[in-house]
Structure formats: C-alpha cells, structure tokens
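# Architecture at a glance
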Amino acid sequence: MPGLDELLSAFDFEPICFANMTQRNYDYMAHGGDSEFTLRRNREAFEWVDLIERPGVPPEAVDPSTEVLGIKLAYPIFIAPSTRQRDCHPDGDAGMYQGATAAGTPMILASGSSIPIQRVAEAATGPRWSQFYPIENLTTAREQLELFQTHGARAIVVTVDQQASNYERDLHDRNLGGSPRPAGGRGAAPPRPTRGPGQYGADPRRFWYSWKYLDDIRPFVKGHLLVKGIVTAEDAKICVERGVDGIIVSNHGGRGLDYEPSTLEVLPEIVDAVRGKIPVLVDGGFRRGSDLVKAMALGASAVCLGRAPRWGLGAFGPAGVQRLLEIVQSEFRAAMATTGRRTLAALDRTAVRTNFP
Ligand SMILES: Cc1cc2nc3c(=O)[nH]c(=O)nc-3n(C[C@H](O)[C@H](O)[C@H](O)COP(=O)(O)O)c2cc1C
C-alpha cells in the first residue's frame, strides 16, 4: 500500500479507502440513485467547462482567501455533511473534523452523524455548521436544533432534497453476493412496506415539506440558516425572498432523483437569479482543484466536498483528510495561477468557456 506522501491527487485515496472497507459500506458511500446518471453527470460536467490559460501569476502570489457568512477561509472549501463516517474509519465524524480543522477547512456535520455531536465538538476547534433534515413535529425540531447549536454549530443547513431514493447498486450487492444475505438477519434487505411512500421505494419521512417550514423553524436558529438541495433559479429566488442566509446548490451527490442535471450546469443560472444577495455554495463531484476553480469562475461563493474527504478518512484517518484537502488546495492555487487570477474577485466567467450540451 502506498504511503500518505506518495498520493498525488484525491483520486489516489479512493482505492485505499475501498480496500479498508466492506463492499457494502463502500457502496453505500459510492452509490447514486437508480441508473446513477446524475452521479456520473456531476463528474462529466467538468469536462464541459474549459479553463482559459492567461499570462500566469506566481502560485505563491495567489490569494485564494474569502469570507462566507462570517467565516474567514484560506480557501473556499467546506466539508459537505455526510452520514455514516464511521464506515470509513473508527474516528468517524470526529476524525473528519480533526483533519478538516488541521487543513483550515470548516465542516458541516450531518444531522445523522455516526459520532454524537458532543464528542465531535471535543475533537477539534475549527468552524463547524450542522445539517438538519426537516422534522415535522416542531417541538422535536426545536430540540434538535438547540442541541446542535449548544454544541457549537455556528449555522444550520436545512437539507430539502432527496425526496426519494432507490439504490440499485446496493440491491445488486445483496443479490449478486457482494455482501451476504442471511435470511431475515443482519444484512438482509428490509421487507418493502405495503402502505405509504415506502411501497414505492420512497422515504416516508420526506413528503410533507413546504417553504413555510423555513419560517416555522427560523425562530429556533440563532445564527445563519442555509438551504441545501437547490437546483433551480426559481427555488433560489424563493430562498432569497424567505430571508434564507445562503444556499447550497446540490443534487445530493446524485443520490436523489436520477436524471437531475449536474450542479455545475445549473450553477450559472442560480448565481444570476441570486444576484449576489446571499452566498451560493455548490457541491457534487468536486475532486480536483481545477474543478473548484471552474465553479468559482461560474460564480460560486465556495465549494463543499462530500465523498473526496471521506476517501481521505477511509484511507488514512484524520491525517488522510488533512492531506487530501491540502492536495486540493495546492491544485486550486496552481489552477488560479495558470488562469492568471491573483484573487477570487478576479476569477470571473472569462476564466472559463462552457460547452454544456
Ligand atoms: C455517504 C454519504 C452520505 C450523505 N449524507 C448526507 C446527509 O446526511 N445529509 C445531507 O444533507 N447530505 C448528505 N450527503 C450528500 C452530501 O452532503 C453532498 O451533497 C454530496 O456528497 C456531494 O457530492 P460528492 O460526494 O460528489 O462531493 C451524503 C453523501 C454521501 C456520499
């Protein structure tokens, strides 16, 4: 197995992470919805955006720093929220937080973190937000939001997407022997409900959302409130009108509705609709520094990384997260230098040429 210092790009961490995990846990992380078209499209979209080389600036003269909702960032990078980080490494979310803090990267902790938030909070000191899935009962919602904020979440990210999800990759694993299927025991496919959304393979917890819910929970959020899962200009405008403090353009890493467009494709129209009123973050398929430069040129305020830092965690624990982030940061700086941009303010749409189909 190669050592940490031998890895050259985020992609190099994935096979090592894979080797350290069960097939079943790896596939939970890797899968997308249905035919996984959107999962693939999130990556393909980077091939439809060219970077334009200009007279360069020395990489050490590049200043990629910015500020997002009161957080000063050396690079415009966040860790996207994701569940089951203990699948990757025993330190789970606490290890992710340590590695992220060591690389100067804020983390968004998933509401369903595999380590209790109290223990994650003790693991490091960097800026941290908490992600939250709408809970219909407002008393329960308030209690969960209070818990997150008491333990240091500086902002709340409300995830509004992933209304349904059918992960055929996991079903094939069961059926084709990728993981054992003891009858009725651990690892067995749960029987499909005969009533409600579950009978259609849909998550029964998520079919009641309305925009008004954001108003309902707003009094429970002391700091900033962001909405994650926006893929249209129309919804972005609604968020601005409702007083949301920021949005994350996301299709849940291709884990929700299949055949949604890639996030990179819809980013420009969303940026145009928001007109600089609130920060527009984006996630979905980001692996290389040059990927991030493309999104920043198209108007993103910052980029969130989902699977990539999990590969770092799975391969080498917190040190792997830190190293992977440092590689992406270094690539980002180099790509900015080659496009001749000294600051993020100078990184505008003339730095790219889009060839979306
Ligand atoms: C294993 C896994 C679990 C996830 N869990 C959550 C979650 O609990 N809440 C959430 O808002 N997003 C969740 N996401 C979506 C990520 O926040 C993010 O949108 C996505 O991973 C970005 O795409 P990328 O993995 O290609 O970077 C999860 C993603 C993965 C891969």
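Residues numbered from 1 in each chain as written. Predicted model: local features only at pLDDT ≥ 70, side-chain atom pairs only at ≥ 80, totals over all residues. Heavy atoms only, no water.

### Focus on the site of the ligand
In the vicinity of the ligand there are 22 residues, among which Pro 81, Thr 159, Asp 283, Gly 285 and Arg 307 approach most closely. Measuring from a nitrogen atom of the ligand, one finds a side-chain N or O atom of Lys 228 at 2.9 Å. One of the backbone N or O atoms of Gly 285 is found 2.8 Å from an oxygen atom in the ligand. Burial of the ligand by the surrounding chains reaches 99%, relative to a free accessible area of 600 Å². Judged by the fraction of its atoms near the pocket grid, the ligand is located in the largest pocket. Its residues assigned to classes, the shell around the ligand comprises six nonpolar, ten polar and six charged. (Near = heavy atom within 4 Å. Polar contact = N/O pair within 3.5 Å; in protein donor to acceptor, adjacent residues only side chain to side chain. Areas by Shrake-Rupley, 256 points an atom, 1.4 Å probe, with all protein chains shown as cover. 1 Å grid on protein atoms, 1.4 Å probe; cavity = no way out; pocket = protein on both sides within 12 Å on 5 of 7 lines; lining within 4 Å. Sits in = over half its atoms within 2 Å of the grid points. Nonpolar A, V, L, I, M, F, W, Y, C, P; charged D, E, K, R; others polar.)

### Focus: the packing of helix H4 (residues 92-102) against helix H12 (residues 307-338)
Two numbers describe a pair of packed helices, the interaxial angle and the distance between the axes. Put simply, H4 and H12 touch, their axes get as near as 6 Å, and they point 20° apart. In terms of orientation, H4 lies roughly parallel with respect to H12. Packed against H4, whose contacting residues are Gly 92, Gly 95, Met 96, Gln 98, Gly 99, Ala 100 and Ala 102, the element H12 presents Pro 309, Arg 310, Leu 313, Pro 318, Val 321, Gln 322 and Leu 325 at the interface. Considered class by class, the residues forming the contact of H4 with H12 number eight nonpolar, five polar and one charged. (Axes fitted to C-alpha atoms, helices over the stretch in contact; angles between N-to-C directions. Helix = DSSP H or I, 4+ residues; strand = E, 2+ residues; numbered from the N terminus. Parallel < 35°, antiparallel > 145°, perpendicular 65-115°, else oblique. Contact = heavy atoms within 4.5 Å.)

### Notes on the layout of surface pockets
Size it by volume and the largest pocket reaches roughly 1,300 Å³. Considering the residues around the largest pocket, the lining is formed by 49 residues, among which Tyr 28, His 31, Gln 162, Ser 165 and Tyr 167 are closest to the centre. Counting residues per element, the ones that place at least two in the lining of the largest pocket are helix H2 (23-30), helix H7 (168-176), strand E11 (302-305) and H12. With five residues, H7 is the largest single contributor of residues to the lining of the largest pocket. (Points joined across faces, edges and corners; volume = space filled by probe spheres on them.)

### Describing the packing of aromatic side chains
Under the criterion given, the structure shown has nine aromatic pairs. For the pair Phe 11 and Trp 311, a centre-to-centre distance of 6.4 Å together with 40° between the ring planes defines the contact as tilted. Here Phe 11 is found in the segment before helix H1 (13-19), whereas its partner Trp 311 is found in helix H12, with 300 residues between them in sequence. Here Trp 311 falls in the buried class, since its relative accessible area comes to 4%. Measuring from centroid to centroid gives 4.7 Å for Phe 18 and Tyr 26, while their planes differ by 90°, and the two rings are edge-to-face. Residue Phe 18 is classed as partly exposed on the basis of its relative accessible area of 38%. Pairwise contacts between aromatic rings join Trp 208, Tyr 209 and Tyr 213 into one cluster. Between Arg 255 and the ring centre of Tyr 28, over which it is positioned, the NZ or CZ distance is 5.0 Å. (Phe/Tyr/Trp six-rings, centres within 6.5 Å; stacked < 30°, edge-to-face > 60°. Buried < 20%, exposed > 50% of the residue type's maximum accessible area, 1.4 Å probe, protein only. Lys NZ or Arg CZ within 6 Å of the ring centre and 35° of its normal.)

### Quick notes on the nonpolar core
Core analysis: the largest hydrophobic core is formed by 86 residues, its most contacted members being Phe 132, Ile 247, Leu 267, Ile 270 and Phe 286. Sorting elements by how many residues they give to this core places H12 first, with 13 residues. Sequence-distant contacts of Phe 132, defined by excluding residues within four places in its chain, comprise Ser 111, Ala 141, Gln 144, Leu 145, Phe 148, Ile 156, Val 157, Val 158, Thr 159, Tyr 213 and Ile 217. Judged by nonpolar contacts, the second largest core, of 15 residues, contains Leu 73, Ile 108, Ala 155 and Leu 226. (Core = buried A, V, L, I, M, F, W, Y, C linked by side-chain atoms within 4.5 Å.)

### So, helix H11 (residues 289-297)
With eight of its nine residues buried, H11 lies for the most part within the structure. Here H11 has its buried residues at Gly 289, Asp 291, Leu 292, Val 293, Lys 294, Ala 295, Met 296 and Ala 297. A positive phi of about 110° marks Gly 299, the residue just after H11.

### As for the pattern of salt bridges
By the definition in use, this model includes 15 salt bridges. In this structure, Asp 291 engages Arg 43 in a salt bridge whose closest nitrogen and oxygen atoms are separated by 3.0 Å. Taken together, the positions of Asp 291 in helix H11 and Arg 43 in helix H3 (residues 37-44) put the pair 248 residues apart, joining distant regions of the chain. Notably, a salt bridge pairs Asp 272 with Arg 349, separated by 3.0 Å at the nearest N-O pair. (Salt bridge = Lys/Arg side-chain N within 4 Å of Asp/Glu carboxyl O.)

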